Amino acid sequence: MVRSSARLLQLLSLLQSHRHRSGAELADRLGVTVRTVRRDVERLRQLGYPVQASPGHTGYRLGAGAVLPPLLLDDDEAVAMAIGLRTAAASGVTGIDETAAAALSKLEGVLPARLRQRVTVVQHATVRAGHPGPTVGPDVLATISAACYRRERLRFDYTDHHGGRSTRLVEPHTLVSFARHWYLLAWDTDRDGWRCFRVDRLRPWTPTGPRFVRREPPGGDAVAYLTRQLSVGPWPVRTSVTMHEPAAVVAERVWPGMGTVEAVDTARCLLHLGAETASDLAWMVAVIGVDFTVTGPPELVDAVRALGDRCRRAVPRPEP
């Protein structure tokens with residue numbers, strides 16, 4: 001009886017992927033006959049699990065049900081879920097801390113002692129570092145996500161980084177969680193071009209607008225395009241610096257959103273980047289740790305000289 005019950009749990013675990021599995025595949029995974037699989041499927045149905053038979057051939061999948069018993073998790077899945085819930089608090093969604101903590105508590109409550117110990121260890125041994133960014137309401141994310149999925153135009157009120165306010169009409173493409181912020185990549189219909197919007201600065205109108213034909217962002221990669229835009233787009237001070245190392249070497253030392261690297265030849269490259277002040281730019285370029293040449297703007301040249309003087313003053317002169 002114990003062996004039969006354990007096999008039922010294993011069968012249910014296999015079916016929880018919600019994809020079709022043939023009777024022969026299930027029999028092979030469980031080490032039983034196809035006939036035994038059919039009997040076990042019937043027992044699961046009697047227990048209230050909506051196991052559906054695939055039409056036209058012998059196969060099964062677990063259908064969506066209004067009420068299902070708790071999920072079955074193996075060791076790695078339980079730890080993965082605990083880590084996911086633990087790190088969800090850093091996602092920048094309003095109220096997610098309490099929701100994630102409640103979900104983690106429920107998860108621990110249904111796990112056997114062996115898995116509960118592993119999850120508890122992960123929970124108490126991890127901490128979140130860094131300052132949290134601005135939060136976004138889950139209803140705002142849901143509205144934008146639905147518009148992206150349905151390919152419906154979205155109108156919203158927007159406040160830019162200078163405090164200017166406007167109403168925008170866009171064709172939403174992708175939501176991106178990047179460096180403690182949420183961004184919307186969208187085609188701006190009024191400006192006839194791609195734009196990146198901070199989600200915490202927008203207030204969507206509902207209902208959404210008519211459907212549109214989806215466009216692909218430049219290069220076909222939403223994250224890469226957003227990274228390029230954040231590198232130089234919104235900053236008041238921008239520049240291109242010649243780095244005296246190959247592009248591949250510099251690219252490995254540039255953090256996401258810092259700047260974009262363009263090869264010049266086999267020994268040099270250009271680093272395009274921006275920042276709030278020239279002093280910030282000087283520090284960012286210097287910290288990469290390779291030789292470079294700055295030709296402008298003039299305030300950046302002055303900032304690099306000042307940084308060099310400060311570094312020289314920081315080192316005591318050798319005694320004669």
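In this text the structure is predicted, and so the values were computed from the model without any measurement.

Engineer: Teacher, can you tell me more about helix α6 (residues 113–125) here?
Structural biologist: One turn of an α-helix holds 3.6 residues; hence residues three or four places apart share an orientation. The end-to-end C-alpha separation of α6 is 18 Å, in line with the 18 Å expected for 13 residues at 1.5 Å each. Every buried residue of α6 is accounted for by L115, V119 and V122. Buried residues in α6, looked at end-on, bunch into an arc of 60°, giving them a common side. Exposed side chains of α6 directed beyond 90 degrees from the buried face belong to A113, R114, H124 and A125.

Engineer: Would you mind showing me how to read the nonpolar core here?
Structural biologist: Nonpolar side chains in soluble globular proteins generally cluster together in the buried interior. Ranked by internal contacts, the top residues of the largest apolar core, which has 23 residues, are V241, M243, L273 and I288. When residues of this core are traced back to their parent elements, those giving at least two are β9 (237–243), α9 (247–253), β11 (269–275), α10 (278–286) and α11 (298–314). For this core, the element with the highest residue contribution is α10, accounting for five residues. Ignoring sequence-local partners within four residues, the contact set of V241 consists of C269, L270, L271, L273, V285, F292, T293, V294 and L300. L141, V170, V199 and L202 belong to the second largest nonpolar core, which has 17 residues in total.

Engineer: Explanation requested: the pairing of strand β7 (residues 193–198) in the structure shown.
Structural biologist: Side chains on a regular strand alternate between the two faces of the sheet. Sheet topology places strand β6 (residues 181–188) next to β7; six bridges connect them, and they run antiparallel. Note on β7: the bridge partner recorded for L184 is F197.

Rules and cut-offs
Residues numbered from 1 in each chain as written. Predicted model: local features only at pLDDT ≥ 70, side-chain atom pairs only at ≥ 80, totals over all residues. Heavy atoms only, no water. Helix = DSSP H or I, 4+ residues; strand = E, 2+ residues; numbered from the N terminus. Expected span 1.5 Å × (residues − 1). Buried < 20%, exposed > 50% of the residue type's maximum accessible area, 1.4 Å probe, protein only. Arc of directions from axis to C-beta. Core = buried A, V, L, I, M, F, W, Y, C linked by side-chain atoms within 4.5 Å. Contact = heavy atoms within 4.5 Å. Pairing = 2+ DSSP bridges.

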